[in-house]
Amino acid sequence: GVMRPTEWSGPLFPNRTLADYGLTTQGDAMKPTVSVWPRLLHETSVEEAIAEAAPGKQGWMNLASRGLPAVPPAVLGTPRVRVLFLQDNELEDIPDELCERMTELRALMLGENKLTRMPRGLGFLLNLQVLHLSNNRISAIPWQIARLRNLETLFLDGNNLSDLPYEMRKLKKLSVLHMGQNYF
């Protein structure tokens, strides 16, 4: 089963596992959820995590807290993933293809990165219910966010935002919106 990873506050390096950091797993089995703070380490490598999310295997992929400078290209070959954890990395950009190919996504977790803009293809994610962009460097929200008609939860806190697009009023299902620590 999946074990609770050990918490770690040091630097992260792509493709390291718990063994590489000299740590072991502790605790009981846990079910993946969308609330994954604080930083967690993993038993699997990046390649293993992607392989586990191959079509027909599981609906989520956990690449959080890996020190990734970019989204691994192999992620784009997993179109059936419904929950993608990419928070707490070094990402400065999200490839357009991610949104264009991974249209089954229900939750996209991108908090704690270095993003300066939202993904360009965001409007393709029509099934998205949770979008987590906290603690990045985003300064504007594109009007295409209005296409996310199923969006229920949006985390925008800790960015460089000074306003929101008028089109956001079309997000009728939006019930949770975090906007603190911006320039409003």
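One can find the structure itself at the top, above this paragraph.
Residues numbered from 1 in each chain as written. Predicted model: local features only at pLDDT ≥ 70, side-chain atom pairs only at ≥ 80, totals over all residues. Heavy atoms only, no water.

Enquirer: Looking at this structure, I do not really get the overall build of the chain. What am I missing?
Expert: Along the chain, the regular secondary structure elements total 2 helices and 6 strands. Helices and strands in the chain line up, N terminus first, as α-β-β-α-β-β-β-β. In the chain, which comprises 184 residues, the proportion classed as buried is 45%. Across the chain, every contact between residues at least 6 apart in sequence was considered, and the portion connecting residues at least 24 apart equals 37%. (Helix = DSSP H or I, 4+ residues; strand = E, 2+ residues; numbered from the N terminus. Buried < 20%, exposed > 50% of the residue type's maximum accessible area, 1.4 Å probe, protein only. Contact = heavy atoms within 4.5 Å.)

Enquirer: What should I look at first to understand the environment of Pro-95 in this one?
Expert: Among the secondary structure elements, Pro-95 is positioned in the loop between β2 (83-85) and α2 (96-101). For Pro-95, a relative accessible area of 23% corresponds to the partly exposed category.

Enquirer: Explain the environment of Phe-155 to me, please; I cannot follow it from the model alone.
Expert: Relative to the elements of secondary structure, Phe-155 occurs in strand β5 (residues 153-155). With a relative accessible area of 19%, Phe-155 lands in the buried category. Spatially, the C-alpha atom of Phe-155 lies 5.9 Å from that of Leu-177, the residues being 22 residues apart in sequence. Those residues within four positions of Phe-155 in sequence are excluded, and the remaining contacts are Leu-131, His-132, Leu-133, Ser-134 and His-178.

Enquirer: It is not clear to me how the nonpolar core should be interpreted in this structure. Could you clarify?
Expert: Grouped burial of nonpolar side chains is what soluble globular proteins tend to show. The biggest cluster of nonpolar side chains holds 38 residues, and the ones touching the most others in it are Leu-84 and Leu-98. Sorting the residues of this core by element identifies α1 (46-52) and α2 as the ones contributing at least two each. Residue contributions to this core peak at 3 residues, all from α1. Among all residues touching Leu-98, those that are not within four sequence positions of it are Val-71, Val-75, Leu-76, Leu-84, Leu-86, Leu-105 and Leu-108. (Core = buried A, V, L, I, M, F, W, Y, C linked by side-chain atoms within 4.5 Å.)

Enquirer: Sorry if this is basic, but what is going on with the environment of Asn-135 here?
Expert: Of note, Asn-135 is situated in the loop between β4 (130-132) and β5. Sequence separation between Asn-135 and Asn-160 is 25 residues; the distance between their C-alpha atoms is 9.2 Å. In this structure, Asn-135 is in contact with Glu-112, Asn-113, Asp-157, Gly-158, Asn-159 and Gln-181, ignoring residues within four places of it in sequence. Within polar-contact distance, the side chain of Asn-135 engages the side chain of Glu-112 at 2.6 Å. (Polar contact = N/O pair within 3.5 Å; in protein donor to acceptor, adjacent residues only side chain to side chain.)

Enquirer: Please clarify how the pattern of salt bridges should be interpreted in this entry.
Expert: Close approach of charged atoms allows side chains of opposite charge to pair. Scanning all chains against the criterion turns up 4 salt bridges. With its nearest N and O atoms 2.7 Å apart, the salt bridge here joins Lys-114 to Glu-90. In this pair, Lys-114 sits in the loop between β3 (107-109) and β4 while Glu-90 sits in the loop between β2 and α2, placing the two residues 24 residues apart along the sequence. Lys-114 sits in the partly exposed class, given a relative accessible area of 27%. Among the salt bridges present, the one from Glu-104 reaches Arg-106, with a minimum N-O distance of 3.7 Å. (Salt bridge = Lys/Arg side-chain N within 4 Å of Asp/Glu carboxyl O.)

Enquirer: Hey, could you run me through the packing of aromatic side chains in this one?
Expert: Each aromatic ring pair is described using two quantities: the centre-to-centre distance and the angle formed by the ring planes. In total, this model carries 1 aromatic pair according to the counting rule given. Residues Trp-60 and Phe-85 carry aromatic rings whose centres are separated by 6.4 Å and whose planes lie at 80 degrees to one another, so their mutual orientation is edge-to-face. You can see Trp-60 sitting in strand β1 (residues 60-62) and its partner Phe-85 sitting in strand β2, a full 25 residues away along the chain. (Phe/Tyr/Trp six-rings, centres within 6.5 Å; stacked < 30°, edge-to-face > 60°.)

Enquirer: Honestly, a nonpolar patch on the surface in this entry has me stumped. Any pointers?
Expert: On the surface, Leu-164, Leu-177 and Phe-184 cluster together into a nonpolar patch covering about 250 Å² of accessible area. Within the element layout of this structure, Phe-184 appears in the segment after β6 (176-178). (Patch = residues over 30% accessible without salt bridge, like charges linked within 9 Å, V, L, I, M, F, W, Y side chains within 5 Å. Areas by Shrake-Rupley, 256 points an atom, 1.4 Å probe, with all protein chains shown as cover.)

Enquirer: Just checking my understanding: could you explain the sheet that holds β3 for this structure?
Expert: Working definition: the strands of a sheet are paired by backbone hydrogen bonds and lie parallel or antiparallel to each other. Spatial strand order, β1-β2-β3-β4-β5-β6: 6 strands in an open sheet with parallel pairing. Where the open sheet ends on each side, the last strands, each with one partner, are β1 and β6. Taking each pair of neighbouring strands and ignoring which way they run, the sheet shows an average axis angle of 5 degrees. Sheet topology note: the β1/β2 ladder contains 3 bridges and is parallel. Paired with Asn-62 across the two strands is Phe-85, which belongs to β2. (Pairing = 2+ DSSP bridges. Axes fitted to C-alpha atoms, helices over the stretch in contact; angles between N-to-C directions.)

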